[in-house]
Amino acid sequence: MRAGIMKRVVLVAVLAAFGATGCMEVEQASTGQKQGKYQGKPDGKPWDNDPLAIGAGNAKWTKGDKLSWETQVKARNNGQNEYKRIGD
Amino acid sequence: MLLTRKSAGGAVAPQSRLTRSLSGVLGKTIDRRTFLKRSGVSVGAGAVATQLPFNMLGKAEAADAPAGKVEVKRTVCTHCSVGCSLDAVVENGVWVRHEPVFDSPINLGSHCAKGASIREHGITADSHRLKYPMKLENGKYKRISWDVALDEISKKMLQIKKESGPDALFLVGSSKHNNEQSYLLCKWARLWGSNNTDHQARICHSTTVAGVANTWGYGAMTNSYNDMQNTKCALYIGSNAAEAHPVSVMHMLHAKENGAKMIVVDPRFTRTAAKADEYVRIRSGTDIPFLFGILHQVFANGWEDKKYINDRVYGMDKVREEVKQWTPEEVERVAGVPQEQLKRVAETFAKNRPSTLVWCMGQTQHSIGNAMVRASCILQLALGNIGVSGGGANIFRGHDNVQGATDIGPNPDSLPGYYGLAPGAFAHWAKVWNVDLEWLKKQYAPGMMAKSGMTVSRWIDGVLEKNENIDQDSNLRAMIFWGHSPNSQSRGLEMVEAMKRLDLTVVIDPYPSATAAMSAMVRKDGVYLLPAATQLETSGSCTASNRSLQWREKVIDPLFEARTDQMIMYQLAQKLGFGDQLVGKKDGKQSIKLVKGKGGMDEPEMEDTLREVNRGAWTIGYTGQSPERLKAHMRNMHVFDVKTLRAKGGVDKETGYDLTGDYFGLPWPCYGTAAIKHPGSPNLYDTSKSMMDGGGNFRANFGVEKDGVNLLAEDGSHSKGAEITTGYPEFDHVLMKKLGWWDDLTEEEKAAAEGKNWKTDLSGGIQRVTMKHGCHPWGNAKARAVVWNFPDGVPKHREPLYSPRADLVDKYPTHDDKKAFWRLPTLFKSVQQKNKDIGKQFPMILTSGRLVEYEGGGEETRSNPWLAELQQDNFVEINPKAAADRGIRNGEYVWVSTPSGAKIKVKALVTERVGADTCFIPFHFSGWWQGQDMLAFYPEGAAPIVRGEAVNTATTYGYDSVTMMQETKTTLCQVAKA
Amino acid sequence: MARMKFLCDAERCIECNGCVTACKQEHEVPWGVNRRRVVTINDGVIGAEKSISVACMHCSDAPCMAVCPVDCFYRTDDGVVLHDKDLCIGCGYCFYACPFGAPQFPQAGAFGLRGKMDKCTFCAGGPEADKSEAEFKKYGRNRLAEGKLPACAEMCSTKALLGGDGDVIADIYRERVTRRGKGSEVWGWGTAYGQGKGGSAPAPAGAKS
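Residues numbered from 1 in each chain as written. Chains lettered and ligands numbered in written order. Predicted model: local features only at pLDDT ≥ 70, side-chain atom pairs only at ≥ 80, totals over all residues. Heavy atoms only, no water.

What follows deals with the packing of helix H5 (residues 179-192) of chain B against helix H18 (residues 423-433) of chain B. All names here are of chain B. Where H5 contacts H18, the axes come no closer than 13 Å and their chain directions differ by 115°. Classified by the angle their axes make, H5 and H18 are roughly perpendicular. The crossing of H5 and H18 is left-handed. In this structure, H5 contributes Tyr183, Lys187 and Arg190 to the contact, and H18 contributes Phe426, Trp429, Val432 and Trp433. Residues belonging to the contact of H5 with H18 are distributed by class as follows: five nonpolar, no polar and two charged. (Axes fitted to C-alpha atoms, helices over the stretch in contact; angles between N-to-C directions. Helix = DSSP H or I, 4+ residues; strand = E, 2+ residues; numbered from the N terminus. Parallel < 35°, antiparallel > 145°, perpendicular 65-115°, else oblique. Left-handed = near helix turned anticlockwise from the far one by under 90°. Contact = heavy atoms within 4.5 Å. Nonpolar A, V, L, I, M, F, W, Y, C, P; charged D, E, K, R; others polar.)

Printed below as a string of structure tokens:
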């Protein structure tokens, strides 16, 4: 429920922002300042999470440390390479 | 029965017994001369007596949970025989995530569409499961309680038994039960008092099991999916592994990447064929002409392994005679394979050894299936490819536990472990079961105990056939479908007639299955549906195609009102008066422990059930796989090598068990008790390894000589390190004494082994000592290229009963009709002759097969929306020429009619996958009946999402001459615009 | 720095649809929406049939991103192209632009109640708190935030579909190509610099791309 309300609030805010730009006389067309630039909500970084305690194999990295996360993901990638498991 | 090997009349030549001192003086190894002298076995002196005649056939709503609890359960996919592991993440009793198990040496984390969507089993929202017991009343399914259901069913069963005897019931078990449940169900049928029980193996690989076992040992894949990584050339004939066993293809493509050749032989250009180096199109049903055409080239060019044939094969000279007629010209005329291609394939296969041969139902489901599979065996024997890593007869089984259910499950012709039905077999198992043998005998109708039951492929005739023609007192009056779809069996039109006549139908299944709908379509009452748990809602072991056993942890509790199969078995048994016998409660002892299951009700414990199997199934070595060892393997998959399946080292942290040397899942035979740590057998009949390293040799099961020719292996042909360096018969107490090995037994072992042989000695001492001397408990013999106890000792091509080639029927006619065969009259020649010119009316060959998205009869997988979305209509593949000639456009509905009188409505898939003479329809559909949707006949909310016409509504008569396999891979049809 | 990529090895893809259902179950994607699908070309034609698994390719210069009228697309630091469903207006312009047919426009169900666009996220969720219920409902699971890779690639039956850091999957694929002794042309040498003598591209070197 709460999440639903939050969603609606965000949506209204975004639409309001658009409405405002549209009404301004000087900006009849896109000036290019905003075009091509992401207008949505910011997203978190995958490495800013704690590794799952359970059900994630041996996923290990230090929260917030991008490099250690990349090391984890690269190691995990070996699961897709049977040559690593077979050893030939 | 024709196929039952009678025990040879005990003519062991009287020779001097060996003394202990003599054996001490002699060196460690025993050559042929010494062996013959000491053992009293000599060629020409007759066969060695065995205690048991062996029968080779047949083998053929989330529940409450503590809040906030997250667990990872390791289980095995239930959708095919590859045995892919997965980790299920369970939160508060709800299965929330599926994680790949990269450590598994079998699937390395991979899944096909079915495996990747298996979590759907745990989703209750919009579930299409059968949710509670139901009963057909006035043509509608109504909800009833478990108590009422069990009460009414058992009363009716007892009434039928009283009126018509125990054989009036047919119990269809399941290859989807785990080992423990299949084993319990096999026992359950016998405690009820009948051999009328069977399961899916009958209609998938019964011909393989019988053919292969009679050729060289026991009926199973000789090597493994993994071992295909070691091959130099693989020939798939009648296998569409890319759709039926997708994860196995990973191993093949890995091998191919490293230089292996891949050849696919099939009437269809399948997804598997698309990956091959060479695709060979044959006419459906002409496997023998093709295989013997290859063999013709092998002999003509001297490519055969002469030493191997001499040392390890009996009867190849007779095969040579038969093969002479299969010149490239004749192969082309009969099978349609171009001569140049045949020669090229023969050379590739013969010159890239070790080469492996893969077959599936494309080869088994014919009226000569038993001969086709033996032709495959013979080709591999001629090339010396059996018992060799990278070679083998890689027979891909179907369901996840069809190998296990074949080994120890509900078979009409055998007690668990291929012990057959002879009195000795019952005595052996009654002792293991802790059941009074005299009581057991009384459960049976007089004279029926040793007689093989009917087969699932023929139950309809058990109902419909005139009573005077059947080989039991009463016709079938009651059917229990315990995890088996009816739409997987042929002759659907006659099946609904049979369903109409039954007095009682019981479906025990997680899904109502087509049985529920077909029954409701033709009758008003007398049908009960009981919701069973899936394999993800219980624990237990299952045997993958490569004979490895894997232990499944229970993922979730049984959903809705479902109960585990073992619980239902126990509860029904109690009502029917053999509850105590099912768990072996007698004289203050109980063989199998009861534990509290769902709702606090009792059920047999799976671990304890496996321990009982371990105590009794010595034949195929189901004795060393204790639940503890299996669980240690599941926890430590990373230590097992992918190519050899062997653990190079490793210790289980939880138990301290040392895994070193074990093969993953202890592939059977894993002889002796768990304590002696036999590692399992990765590749059968492999003489390059010693017995305790998983080596072996062909089985001595047919005496020591035939018509003056030695049947035992020749000198120097023995498993590595064997003290007997020549062929030898199977071991029993007499041979042990003659060899001076008897005193290697402990006193307790001696007491148990006296008068016994390697398969009936409950102490395991005979096996232990035999292997200590490096020898194989089952002896060391030659494989048989000629199976003289089969209708065609040397495989012969015979046209299918419904042949498109009237011109070939006279030259290659089918068998004569049989009068009493598995209790029923069985027609061959009369059907073929009557339909000799049927090809004019029905000019297209109709064949069937699998789709990757669905499994078996398909009710379970067609109820999974993630799969159902991918295949929403049943269809017929038809060649563009055949379609154009009939004015059929791609995607249109067409009628497919067959000589059975049925016609089914499916969509046309116009494609060059099939040749202009062949149509293909997948067999997973049900829920339509000759154009009509059967939705109204299903219990409300439990009909599968996708329904379609079952191809088997229209398939025709035709059965294998040894096993009653149905002939569903070759029949005839006509296609017309709807 | 990791740059996430998919690669489907057509020599291995057998159209088993494991990737399709792996995606479906992991994200509970509703009926009718296919973030990933397998395409077979020359179906039934001997010697010419090939299957390949296709989804959003997470382009470095993504056409969807270029054409979106509301600029709801963004590219993460690790190269995954995602979008904000709250901002998306479901116009379908990205569908015009995408060479792979990746954008999906569901009619009903968890993703489609507002008729907006849905597509493969490389199992990286979207612009909601990582691993939150809101993120799961709108975008699906966030496996990258769990240190895992896309479910489709991790579960592929023959390991045909590779997904992960472009450098790593390039290494995996290159090894296979080398062993096969054919197919090195796909590395683009021949395409970029012309065919060498005899028409074959130079064998790929062991060096990293």
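Facing nine residues of chain A, the contacting portion of chain B comprises 21 residues. Taking both sides of the interface into account, the surface hidden between chain A and chain B amounts to around 1,200 Å²; carbon and sulfur atoms contribute 55%. Counting across the chain A and chain B interface gives one salt bridge. The salt bridge involving Glu99 of chain B is made with Arg76 of chain A; its shortest N-O contact spans 3.5 Å. Between the two partners, chain A and chain B, sit six residue pairs in polar contact (both at pLDDT 80 or more). Among the elements that make up the side of chain A that touches chain B, the one with the highest residue count is helix H3 (residues 82-86) of chain A (four residues). Each residue belonging to the side of chain A that touches chain B can be placed in one class, and the counts come to three nonpolar, two polar and four charged. (Buried area = accessible area lost by both parts, 1.4 Å probe. Salt bridge = Lys/Arg side-chain N within 4 Å of Asp/Glu carboxyl O. Polar contact = N/O pair within 3.5 Å; in protein donor to acceptor, adjacent residues only side chain to side chain.)

Of the voids in this model, the largest pocket is the one considered here, and its volume is about 1,100 Å³. Along its surface, the largest pocket is lined by 35 residues, and Gly57 of chain A together with Arg74, Asp87, Val101 and Asp103 of chain B are the ones closest to its centre. Those elements that provide at least two residues to the lining of the largest pocket are helix H2 (66-77) and H3 of chain A together with strand S1 (70-76), strand S3 (94-100) and helix H26 (627-635) of chain B. Counted by class, the lining of the largest pocket contains 12 nonpolar, eight polar and 15 charged residues. (1 Å grid on protein atoms, 1.4 Å probe; cavity = no way out; pocket = protein on both sides within 12 Å on 5 of 7 lines; lining within 4 Å. Points joined across faces, edges and corners; volume = space filled by probe spheres on them.)

Attention now moves to the interface of chain C and chain B. Opposite the 42 residues of chain C that make contact, chain B presents 43 residues. Both faces considered, chain C and chain B share a buried interface measuring about 3,500 Å² in area, 50% of it formed by carbon and sulfur atoms. Contact with chain B buries area across many residues of chain C, yet Ile14, Trp31 and Met155 of chain C alone supply 19% of it, more than any other trio. Summed over the shared surface of chain C and chain B, the result is 12 salt bridges. A salt bridge links Arg271 of chain B to Glu49 of chain C, with the nearest nitrogen and oxygen atoms 2.8 Å apart. If you look at where chain C meets chain B, you find 26 residue pairs in polar contact (both at pLDDT 80 or more). Looking at the side of chain C that touches chain B, the elements with two or more residues in it are helix H1 (18-27), helix H5 (151-155) and helix H6 (166-180) of chain C. A total of seven residues in the side of chain C that touches chain B trace back to one element, the largest contributor, which is H1 of chain C. Of the residues contributing to the side of chain C that touches chain B, the split by class is 14 nonpolar, 11 polar and 17 charged.

Turning our attention to the packing of aromatic side chains. According to the stated counting rule, one finds 34 aromatic pairs over all chains in the structure shown. On the numbers, 5.7 Å between centres and 65° between planes, the contact of Phe95 of chain C with Phe105 of chain C is edge-to-face. Of the two residues, Phe95 of chain C sits in helix H3 (residues 93-97) while Phe105 of chain C sits in the loop between H3 and helix H4 (133-139), which places them 10 residues apart along the sequence. Taken together, the aromatic side chains of Trp216, Tyr218, Tyr418, Tyr622, Trp668, Tyr671, Tyr685, Phe698, Trp758 and Trp778 of chain B make up a single cluster linked through ring pairs. Just above the ring of Trp822 of chain B sits the side chain of Arg202 of chain B; from NZ or CZ to the centre is 4.6 Å. (Phe/Tyr/Trp six-rings, centres within 6.5 Å; stacked < 30°, edge-to-face > 60°. Lys NZ or Arg CZ within 6 Å of the ring centre and 35° of its normal.)

On to the pattern of salt bridges. Scanning all chains against the criterion turns up 102 salt bridges over all chains. Close ionic contact of Glu537 of chain B with Arg129 of chain B constitutes a salt bridge, the shortest N to O distance being 2.9 Å. Separated by 408 residues along the polypeptide, Glu537 of chain B in the loop between strand S16 (527-531) and strand S17 (540-543) and Arg129 of chain B in the loop between helix H3 (113-116) and strand S4 (134-137) bring together distant segments of the chain. Taking the relative accessible area as the measure of exposure, Arg129 of chain B reaches 2% and is therefore buried. For the salt bridge of Glu859 of chain B with Arg862 of chain B, the shortest nitrogen-to-oxygen distance reads 3.0 Å. A relative accessible area of 5% means that Glu859 of chain B is categorised as buried. The exposure class assigned to Arg862 of chain B is buried, which follows from its relative accessible area of 0%. Through salt bridges with shared partners, one network takes in Arg76 of chain A, Arg97 and Glu99 of chain B together with Glu26, Arg143, Glu146, Lys148 and Glu154 of chain C. (Buried < 20%, exposed > 50% of the residue type's maximum accessible area, 1.4 Å probe, protein only.)

Residue and element names in this part refer to chain B. With domains assigned, chain B is organised as domain 1 (12-111), domain 2 (134-204 + 402-611), domain 3 (206-395), domain 4 (688-788) and domain 5 (826-977). The centre of domain 3, based on its C-alpha atoms, is set 27 Å off from the matching centre of domain 5. Listed per partner, the contact involves 24 residues of domain 3 and 24 residues of domain 5. Contact between domain 3 and domain 5 buries roughly 2,000 Å² in total, counting both sides, with carbon and sulfur atoms accounting for 51%. Summed over the shared surface of domain 3 and domain 5, the result is one salt bridge. Close ionic contact of Glu877 with Arg268 constitutes a salt bridge, the shortest N to O distance being 2.8 Å. At the surface where domain 3 touches domain 5, the tally comes to 16 residue pairs in polar contact (both at pLDDT 80 or more). Only helix H7 (206-216), helix H8 (241-244), helix H15 (361-364) and helix H16 (369-382) provide two or more residues apiece to the side of domain 3 that touches domain 5. Tallied by class, the residues present in the side of domain 3 that touches domain 5 amount to eight nonpolar, 11 polar and five charged. (Domains from an automatic or database assignment.)

With that settled, the discussion passes to empty space enclosed by the protein. All names here are of chain B. Size it by volume and the largest cavity reaches roughly 620 Å³. Along the wall of the largest cavity there are 44 residues; nearest its centre are Lys176, Gln200, His399, Gly483 and Glu855. Among the elements of the structure, helix H6 (201-204) and strand S15 (504-509) are those that each provide at least two residues to the lining of the largest cavity. Among the residues forming the lining of the largest cavity, the class breakdown is 13 nonpolar, 23 polar and eight charged. Each of domain 2 (134-204 + 402-611) and domain 5 (826-977) accounts for three or more of the residues forming the lining of the largest cavity. Counted as a void, the second largest cavity has a volume near 350 Å³. Taken together, 30 residues line the second largest cavity, and the ones lying closest to its centre are Gly238, Asn240, Gly362, Ser848 and Lys969. At the level of elements, H15 and strand S28 (844-849) are the ones that each hand at least two residues to the lining of the second largest cavity. At three residues, S28 tops the list of elements feeding residues into the lining of the second largest cavity. Taken together, the residues of the lining of the second largest cavity sort by class into 10 nonpolar, 14 polar and six charged. Viewed by domain, the lining of the second largest cavity spans two of them, domain 3 (206-395) and domain 5 (826-977), each represented by three or more residues.

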